[in-house]
Amino acid sequence: MLTQTAPYTIRRAVRAEAGIRSEVIQVKKRRLFSAHVSALLLKRAEINAILDTTPNAVFIFTRDGITRCNNAAVRMLGVASINELRSRYGRRGEGFLLRWPKNLLPLREDEHPVTRAFKGEKVTEILLAVHAGTGEEITVRATAAPILAKGKIIGAVSIHSDITWGKRICPCPAAADPGSDLLTQEMALRRQAENDLHKAKVEVQALKDRIQSADIYPFHEINHTYHFGEVIGHSRCLENVFFRVEAVAPQDSTVLLLGETGTGKGLVARAIHNRSLRKNRPLVMVNCTALPASLIESELFGREKGAFTGASAQQLGRFEMADKGTILLDEIGDLPFELQAKLLHVIQDGEFSRLGSSRTVKVDVRIIAATNRDLYEEMRLGRFREDLFYRLNIFPITIPPLRDRREDIPLLVEYFLEKFNRKLGKNIRNVTSETMDRLMAHAWPGNVRELESVIERAAIVSQGATLQVLDRFAPGPGRGQDEVQEQGGTRALVELERDYISQVLRRTNWRIEGNNGAAHILGINPSTLRGRMRKEGIRRP
Ligand SMILES: Nc1ncnc2c1ncn2[C@@H]1O[C@H](COP(=O)(O)OP(=O)(O)OP(=O)(O)O)[C@@H](O)[C@H]1O
């Protein structure tokens, strides 16, 4: 019996045990499942709590469009529910227009943060949007990121934070954490500051451009072909000089150069020589005022050893040195009267004798004479021989004063600027229109020589890229020459500098630093300016 019943009993027992085991497993599974569900519910509750309290508008997208959004989102879009949102703005919220702050047109589809998130990109952009609830334009920080499941993009989340100063998407202080509100305010302030900075940069650039186009004298309009050797200028009257030089240069004729001091007579003489057939022979210059009268004769005609006390050796005169070449007799109006006859003889016959010798020396010299004196007046006063004058005055060329050819000034300024940049190792590129106006208005009693020294002085003191002309000029040609010279020429540089610094400080209302400050205008460091002010005793009244 036992043998019959035993297997049955065992089978039942085994079955019962298996049943218990599977039940235990089921119970364990159920417990696990319910724990899992509880965890999920907790997570959902946490997520809901976050979504409901965040001041930011959160939208969840699948490929079908918006599937979920939070309270802040519906408030931002001015709707009551997600269904109303989808019916008013479209399935994907496409009716809610976003644009770049710098652009008036709405974002293109491919620029949209959600489209980009669906392509796997994590996006953070500052955009402008119209607050659908209030109709105001707001600035939003739009972030978007893909939602991934097993490595696949199954959706996207998009968050819009209103960073427009003073406005909040969710003005519910009870729900908001005061700490996070402060943080949001701080961030909004920072964004505002960034926007202001950006605007300021744009304005500065615009100002720079305006300065470039309006306040800086446009050198680029100056054509460098207006060089005649070293003689710079393109005025009608200077062109007339060039024309006469071209005409006379190849001839051997004597030339008389007339013009005020510093107008460039020396340069024109060189241009004549360099265009003549004698250009490979020397151009010898003699300044008739630079030598004591007693020495001029031996300087011009040479001397034999022992010709006078101290003449220990034979010396060639300038005429002999210039043989087959050209001699420039500068300041001929100052040549002592007694020597004028001897000069006349050389010009007429091409011969003379050295001091202390009776032997005649024959030379072949082309003569260019120059003077800033009024030779007619000198003749009238009996200081200049008429016969010499008519011998010299065969081909006169008058070089006009700078005040009669002001259109040459910008060209000359540019030329001298390049010259002194090279000499001083500087890189001054600009001259303000105001400076150029002042240079153009000045009477220039010292002509180009005076302009050259003004630019050199200015180049020495200028520190930036803009030429700072410290000299103060007397206005226009109406003034007497003496007065002009006294004011423009002999005023100490230090005094001019002090006046100029004070003047600039007054103009900036004693502001030293910053773009509109005196240091910037003067092209020096604020600390250097303060040092100068201390040194010069310049104080705000
Ligand atoms: N048109 C010009 N272009 C460039 N530089 C010039 C021009 N005219 C004059 N200069 C410069 O001005 C300075 C004076 O020129 P220059 O000595 O030829 O004048 P000048 O008329 O002979 O004067 P002075 O009668 O006092 O001897 C020189 O440094 C010269 O290089």
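Rules of the game
Residues numbered from 1 in each chain as written. Predicted model: local features only at pLDDT ≥ 70, side-chain atom pairs only at ≥ 80, totals over all residues. Heavy atoms only, no water. Helix = DSSP H or I, 4+ residues; strand = E, 2+ residues; numbered from the N terminus. Buried < 20%, exposed > 50% of the residue type's maximum accessible area, 1.4 Å probe, protein only. Contact = heavy atoms within 4.5 Å. Areas by Shrake-Rupley, 256 points an atom, 1.4 Å probe, with all protein chains shown as cover. Pairing = 2+ DSSP bridges. Axes fitted to C-alpha atoms, helices over the stretch in contact; angles between N-to-C directions. Polar contact = N/O pair within 3.5 Å; in protein donor to acceptor, adjacent residues only side chain to side chain. Near = heavy atom within 4 Å. Domains from an automatic or database assignment.

In the annotation of an unreviewed UniProt entry, the entry for the chain reads Sigma-54 factor interaction domain-containing protein, and the organism field reads Geothrix oryzae.

Comments concerning the overall build of the chain
Per the secondary structure count, the chain includes 19 helices and 15 strands. Of all 541 residues assigned to the chain, the portion counted as buried reaches 39%. Put simply, 63% of the contacts in the chain that link residues at least 6 apart link residues at least 24 apart. Surface summary for the chain: the accessible area is close to 30,600 Å², and the carbon and sulfur share equals 53%.

A few points about the sheet that holds strand β2 (residues 65–69)
Across the sheet, six strands lie side by side as β2-β1-β6-β5-β4-β3; this open sheet has antiparallel pairing. Looking at strand neighbours, the two that pair on one side only are β2 and β3 (98–99), the edges of this open sheet. Pairing of β3 with strand β4 (residues 123–130) involves two bridges; the strand directions are antiparallel. Counted as the bridge partner of arginine 99 is leucine 128 from β4. Its contacts with the sheet put helix α3 (residues 82–89) on β1 (57–62) and β2, and the angle it makes with β2 is roughly 150°.

So, the environment of glutamate 299
When you line up the elements, glutamate 299 lands in helix α8 (residues 293–301). Only 2.7 Å separates the side chain of glutamate 299 from the side chain of arginine 318, close enough to count as a polar contact.

A word on the site of the ligand
The local shell around the ligand holds 20 residues, among which Thr261, Gly262, Lys265, Arg449 and Glu452 are the closest. Threonine 261 places a side-chain nitrogen or oxygen 2.6 Å from an oxygen atom of the ligand. A distance of 2.7 Å is found between an oxygen atom of the ligand and a side-chain nitrogen or oxygen belonging to lysine 265. For the ligand, whose accessible area on its own is 630 Å², the fraction buried by protein is 85%. Of all the secondary-structure elements, those providing two or more residues to the shell around the ligand are β8 (231–232), α7 (265–274), α13 (409–424) and α15 (447–461). There are two domains that each give the shell around the ligand at least three residues, and those are domain 3 (236–399) and domain 4 (404–536).

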